[in-house]
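Below are the chains, spelled out letter by letter.
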Amino acid sequence: MSESSLRVVWVYPDLLSTYGDQGNALVVERRAMQRRVPVSRVDVRSDQRIPTSGDIYLIGGGEDRPQRLAAERLRRDGGLSRAVANGAIVFSVCAGYQILGHEFVNDLGRPEAGLGLLDVVSVRGEGERCVGDVLADIDPRLNLPPLTGFENHQGVTHLGPTARPFARLRIGKGNGTGDGTEGAFNDTVFGTYMHGPVMARNPQIADLLIKLALDVNALPPVDDQWFEALRAERIAAATQPA
Amino acid sequence: MAGNSEPLSPRAKLAVTAGKAAAAVSRVAGKGSGSVIGGKVALRFDPELLARLARHLDVVLVSATNGKTTTTRLLAEALRANGPVVSNALGANMPAGITSALAGGSDARYGVIEVDEKYLAGVARDVTPKAIALLNLSRDQLDRAAETRMLAEKWREGLAGSEAIIIANADDPLIVWAASSSPTVVWVAAGQSWKDDAWSCPSCGGVLQRPDDDWYCGECGFRRPTPTWALSGDHVVDPYGVAWPIHLQLPGRANKSNAAVSTAAAAAFGVDPKVALERMYKVQAVAGRYDVVTWQQRELRLLLAKNPAGWLETFSLIDGPPTPVILSVNARGADGTDTSWLWDVDYTRLAGHPIMVLGDRKLDLAVRLEVAGLEFRVCQGLEEAVRTAPPGRIEAIANYTAFQDLRRKVGN
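Residues numbered from 1 in each chain as written. Chains lettered and ligands numbered in written order. Predicted model: local features only at pLDDT ≥ 70, side-chain atom pairs only at ≥ 80, totals over all residues.

Under an unreviewed UniProt entry, the name given to chain B is Lipid II isoglutaminyl synthase (glutamine-hydrolyzing) subunit MurT, and the organism recorded is Actinacidiphila acididurans. As recorded by UniProt, the Pathway (unreviewed entry) comment attached to chain B reads in full: "Cell wall biogenesis; peptidoglycan biosynthesis." (UniProt positions renumbered as here; feature names shortened; annotations may be inferred.)

Going by the annotation in an unreviewed UniProt entry, the name recorded for chain A is Lipid II isoglutaminyl synthase (glutamine-hydrolyzing) subunit GatD, with Actinacidiphila acididurans given as the source organism. Quoted verbatim from the Sequence similarities (unreviewed entry) heading of the UniProt record, the comment on chain A is "Belongs to the CobB/CobQ family. GatD subfamily."

So this is what it looks like as structure tokens:
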């Protein structure tokens, strides 16, 4: 981490903030503050330059046309790729996840180049939209409890050799490839289809990003009473047929 | 133009009768007012019934994400100054419910019809309205994937070339995009507090610039049209610059906005703004919304807020601290099952209020409030929530099915 405070950058809320994506930024901020880590958040609109000095970049979900516009502007800007080259952490959701890959299908039905920060390629699914509660086991390397989330997308994301599945599904469609995977990650870049927002359902993902950014192995515990109650309820809801 | 000069065909009469019979059966069976089932049965007998029923009326359609039921009520009151009105006042706003409502108004001169956003273009085609009032568009029921911008686009295609006078909110860029393909538009500066669904230009995708109350796209020149009517504080300013005071029993800025649009729409039918606004004062509660109910020695004000834009407007009308606030959220089918939108609502606005949390998704709310740094109490039911508050006013804010649950509970 550079200097003394944690710098959180929320990328393009004007385009990619359809599913309460601000929530992920709020949870990261809150959990850093609870550990007395000074934190500052910058919301970067799509007509502004992406700062390259951030520690954690968050990028959310959006509708099809805004997704294409966001990809065009991020490619032109180049800041996010430079930040990743400098070791920044990126956490992306849904449309944002697809943009971080090599390619996705845009609103015009054509392949659109992504940023290539994750070794994934996304296409549009043929079947029904994936909507509902999801339960999955996160890659054991990350040492996190089960993933709970809400999915609402029609994307299918194929992972290349340098991307690892973020989680293995117990319930839900995830990457939509039918191979039981959900999301993808490499050393510092993460992608998921989970809403909720995902960090409201899985605050330990926020802790993981903070630990990676601070380069520490542990954080002081905080009171997770309500997070834990919500997790238990949603995990039960996912496992019980409606 | 109006009046029942042309009688209904035998087929249409049969359809209306069959629909009424089905509705009566539904009521007896305790399944609600029966208006939707009645309309469905009637439309099966005569698929053109809606168009046929509307032919005898001067029809105004009202659509929006928020405020359509209230505006329909206000506008219906205003038009009653000129003659009898038939209206789907209870909010059954899809074709079957609309058909059923119109079938009940054979003596009416005007039809004031609330239309669900997704059905607006179709209903506008069927009933050839004289006017259409468009208030606002914002995110709602995310899991249904009716993307807000796509909805504006569909309205635009559906309304292009419509002969109706469109009365539209100039302060909502998505509404302006939807309305501006129509030949006759009356622009009303009706305000829009929620801005987060319109940062992107609906025309070219550029970033909208939004200084103060203005907005424009720096790239393609799409911009806020010059309004002829305006909401200005507690007044409606008409095209001649005359400011008419708004006196409503309904609270809040959003209802003043609804009144401003209703006044402009009523003027299109020759109702004087003074007369229209005086008549609107009569409206006290709309399908239980804004009702104050005495329950267990407390006065509960029942407030419906279904989506982030609605919550934002609701926070601006509640009594200040220390008035207790009950929040209740469900995520059943009619609410949308994705609760992510809670994170688009700025709950820090409730700082200083005692907050009680209820509903199927009270734990989602608890986490949301905890992250906002607020004190709150999670309650098992309304009794517990009310017991923790001293006698007096309580503001109870709930989303769609949670609101219905509250009404049932307090016998409203």
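On we go from here.
K.L.:
Can you help me understand the interface of chain B and chain A in this one?
P.N.:
How big an interface is tends to be stated in terms of accessible area lost as the parts join. The interface is formed by 23 residues belonging to chain B together with 31 residues belonging to chain A. Of all the elements, helix H12 (residues 362-371) of chain B adds the most residues to the side of chain B that touches chain A, at six residues. When the residues that make up the side of chain B that touches chain A are grouped by side-chain class, the tally is 11 nonpolar, three polar and nine charged. (Contact = placed C-beta atoms within 7 Å. Helix = DSSP H or I, 4+ residues; strand = E, 2+ residues; numbered from the N terminus. Nonpolar A, V, L, I, M, F, W, Y, C, P; charged D, E, K, R; others polar.)

K.L.:
It is not clear to me how the pairing of strand E13 (residues 189-192) of chain A should be interpreted in this structure. Could you clarify?
P.N.:
Every other side chain in a regular strand lies on the same face of the sheet, so the side chains alternate between the two faces. Residue and element names in this part refer to chain A. Residue alternation in E13 divides its side chains into two sets, Val 189 and Gly 191 and Phe 190 and Thr 192, and both sets are buried. As paired strands, strand E4 (residues 89-93) and E13 are joined by four bridges and run parallel to one another. Residue pairing for E13: Val 90 is matched across the bridge by Val 189. Across two bridges, strand E12 (residues 181-185) lies against E13 in antiparallel orientation. Its bridge partner lying in E13, Ala 184 is registered against Gly 191. Linking E12 to E13, which pair antiparallel, is a turn of three residues. (Buried ≥ 20, exposed ≤ 12 C-beta atoms within 10 Å, placed from the backbone. Pairing = 2+ DSSP bridges.)

K.L.:
Would you mind showing me how to read the UniProt feature "active site" (unreviewed entry) in chain A here?
P.N.:
According to UniProt, the feature "active site" (unreviewed entry) maps to A:Cys94 and A:His195 in the numbering used here. Across 102 residues, the annotated set stays spatially compact, with a maximum C-alpha separation of 8.0 Å. For A:Cys94, a count of 26 C-beta atoms within 10 Å puts it in the buried group. With near-sequence residues (within four places) excluded, A:Cys94 lies in contact with A:Tyr19, A:Gly61, A:His153, A:Tyr193 and A:His195. With respect to the helices, strands and loops of the structure, A:His195 is situated in the loop between E13 and helix H5 (198-201). Judged by the 31 C-beta atoms lying within 10 Å of it, A:His195 falls in the buried class. Setting aside residues up to four positions removed in sequence, A:His195 forms contacts with A:Tyr19, A:Gly20, A:Gly61, A:Val93, A:Cys94, A:Gly149, A:Phe150, A:Glu151, A:Asn152, B:Asp338 and B:Ser340.

K.L.:
What am I meant to see in the domain arrangement of chain B here?
P.N.:
All names here are of chain B. For chain B, the assigned domains read domain 1 (10-280) and domain 2 (292-409). One C-alpha centre belongs to domain 1, the other to domain 2, and the line joining them spans 28 Å. At the interface, 17 residues of domain 1 touch 15 residues of domain 2. Its residues assigned to classes, the side of domain 1 that touches domain 2 shows four nonpolar, seven polar and six charged. (Domains from an automatic or database assignment.)

K.L.:
Help me understand helix H7 (residues 148-159) of chain B in this model?
P.N.:
Residue and element names in this part refer to chain B. Its 12 residues place the ends of H7 17 Å apart at the C-alpha level, agreeing with the 16 Å of an ideal helix rising 1.5 Å per residue. Within the sequence span of H7, burial applies to Thr 148, Leu 151, Ala 152, Trp 155 and Leu 159. Around the axis of H7, the buried residues are gathered within 100° of arc, so they sit on the same side. As for H7, its buried residues are in contact with helix H6 (120-127), strand E5 (165-169) and helix H8 (173-179). Where H7 terminates, the next one or two residues include Gly 161, which has phi positive at roughly 80°. (Expected span 1.5 Å × (residues − 1). Arc of directions from axis to C-beta.)

K.L.:
Any chance you could explain the pairing of strand E2 (residues 39-44) of chain A here in plain terms?
P.N.:
Residue and element names in this part refer to chain A. As judged from the six bridges shared by strand E1 (residues 6-11) and E2, these two strands associate in the parallel manner. For Val 11, the partnering residue across the bridge sits in E2 and is Val 44. For the segment spanning E1, helix H1 (residues 22-34) and E2, crossover handedness is right-handed. (Right-handed = clockwise from strand over helix to strand, strands pointing away.)

K.L.:
Explanation requested: the packing of helix H4 (residues 68-79) of chain B against helix H9 (residues 253-267) of chain B in the structure shown.
P.N.:
The packing of two helices is summarised by the inter-axis angle and the distance between the axes. All names here are of chain B. Between H4 and H9, the shortest axis-to-axis distance is 9 Å and the interhelical angle comes to 40°. On the basis of their axis angle, the class for H4 and H9 is oblique. As H4 packs across H9, the resulting crossing turns out to be right-handed. Residues Thr 70, Thr 71, Leu 74, Leu 75, Ala 78 and Leu 79 of H4 lie in contact with H9, whose contacting residues are Asn 255, Asn 258, Ala 259, Val 261, Ser 262, Ala 265 and Ala 266. The residue inventory of the contact of H4 with H9, partitioned by class, reads eight nonpolar, five polar and no charged. (Axes fitted to C-alpha atoms, helices over the stretch in contact; angles between N-to-C directions. Parallel < 35°, antiparallel > 145°, perpendicular 65-115°, else oblique. Left-handed = near helix turned anticlockwise from the far one by under 90°.)

K.L.:
Can you walk me through the sheet that holds strand E12 (residues 292-295) of chain B in this structure?
P.N.:
Sheet strands line up and pair through hydrogen bonds in the backbone, either parallel or antiparallel. Residue and element names in this part refer to chain B. In space, the six strands of this open sheet follow the order E12-E13-E17-E14-E15-E16, with mixed pairing throughout. Each edge of the open sheet is held by one strand with a lone partner, namely E12 and strand E16 (377-378). Where E12 lies against strand E13 (residues 298-304), four bridges are found, and the strand directions are antiparallel. Bridge pairing in E13 places Trp 295 opposite Arg 298. On the sheet, H12 packs against strand E14 (325-328), strand E15 (355-358) and E16 and is oriented at approximately 145° with respect to E15.

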